Amino acid sequence: MKNLEQLLGKSKTVDFTIDVSLVWREDRDMEMLELASTSGLCAQVFHVGYDLVQPYLDEEEISVVIEANVRHLLPIKVGETVAVGVKVIGVVENKIKLRGIIMKGEKKILEMEFVRAVISRNYLRRAAFEKAT
């Protein structure tokens, strides 16, 4: 495992247009409003975090989300373009703590803190195989 301390303070921001795959579908009436789901927005933040961390890992390592604390502050509709930002705020052993935010202009849509653990790809392969048999 490389020295993960070098990640501390690193950040990444991407623009993202919300599409229909993120629509909140728990309630039929609300689905018609075409609002993005909290889980869909979180997935986008997680993805940016993955893209930020992965270049710093060895080829046989991967980072996985093991913890998240989310606050969905404002609704956002399909078709809107938002900025998704993630910053590394802590590193302890194989755990990387990140802060993520989704903004629409000056309005904060979602904020979260989450932890990605660095683990072996082989471990995940073995675990998936054992569960399948």
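For the structure, check the block above.
Residues numbered from 1 in each chain as written. Predicted model: local features only at pLDDT ≥ 70, side-chain atom pairs only at ≥ 80, totals over all residues. Heavy atoms only, no water.

**Considering the side chain of glutamate 31**
Tracing the backbone shows glutamate 31 in helix H1 (residues 28-31). With a relative accessible area of 17%, glutamate 31 lands in the buried category. If we skip the residues at most four places from it in the chain, glutamate 31 touches Val23, Trp24 and Arg25. (Helix = DSSP H or I, 4+ residues; strand = E, 2+ residues; numbered from the N terminus. Buried < 20%, exposed > 50% of the residue type's maximum accessible area, 1.4 Å probe, protein only. Contact = heavy atoms within 4.5 Å.)

**Re the side chain of glutamate 111**
Assignment of secondary structure puts glutamate 111 in strand E5 (residues 107-120). For glutamate 111, the side chain forms a polar contact with the side chain of lysine 108, separated by 2.9 Å. Those residues within four positions of glutamate 111 in sequence are excluded, and the remaining contacts are Asn69, Val70, Arg71, Leu73, Gly100 and Ile101. (Polar contact = N/O pair within 3.5 Å; in protein donor to acceptor, adjacent residues only side chain to side chain.)

**Observations regarding unusual backbone geometry**
Even without a glycine there, the phi angle at glutamate 34 is positive, about 55°. With respect to the helices, strands and loops of the structure, glutamate 34 is situated in the loop between H1 and helix H2 (38-53). Even without a glycine there, the phi angle at glutamate 93 is positive, about 55°. As for its placement among the helices and strands, glutamate 93 is situated in the loop between strand E3 (81-92) and strand E4 (95-104). Assessed through its relative accessible area of 68%, glutamate 93 is described here as exposed.

**What to know about the packing of aromatic side chains**
Within a pair of aromatic rings, the relevant descriptors are the distance that separates the centres and the angle that separates the planes. Enumeration according to the criterion identifies one aromatic pair in this entry. Relative to phenylalanine 114, the ring of phenylalanine 46 has its centre 5.2 Å away and its plane inclined at 65°; by these criteria the two rings are edge-to-face. Residue phenylalanine 46 is located in helix H2, and its partner phenylalanine 114 is located in strand E5; the two are separated by 68 residues in the primary sequence. (Phe/Tyr/Trp six-rings, centres within 6.5 Å; stacked < 30°, edge-to-face > 60°.)

**So, the sheet that holds E4**
Taking strand neighbours across the sheet as the criterion, the five strands line up as E1-E3-E4-E5-E2 in an open arrangement whose pairing is antiparallel. Single-partner strands in this sheet number two, and they are strand E1 (11-17) and strand E2 (61-72). On average, each strand axis in the sheet is inclined to that of its neighbour by 25°, with strand direction left out of account. In terms of strand pairing, E2 meets E5 through eleven bridges, oriented antiparallel. What sits directly across from valine 64, in E5, is alanine 117. Contacts between H2 and the sheet are confined to E1, E2, E3, E4 and E5, with E5 contributing the most and set at about 50° to the helix. (Pairing = 2+ DSSP bridges. Axes fitted to C-alpha atoms, helices over the stretch in contact; angles between N-to-C directions.)

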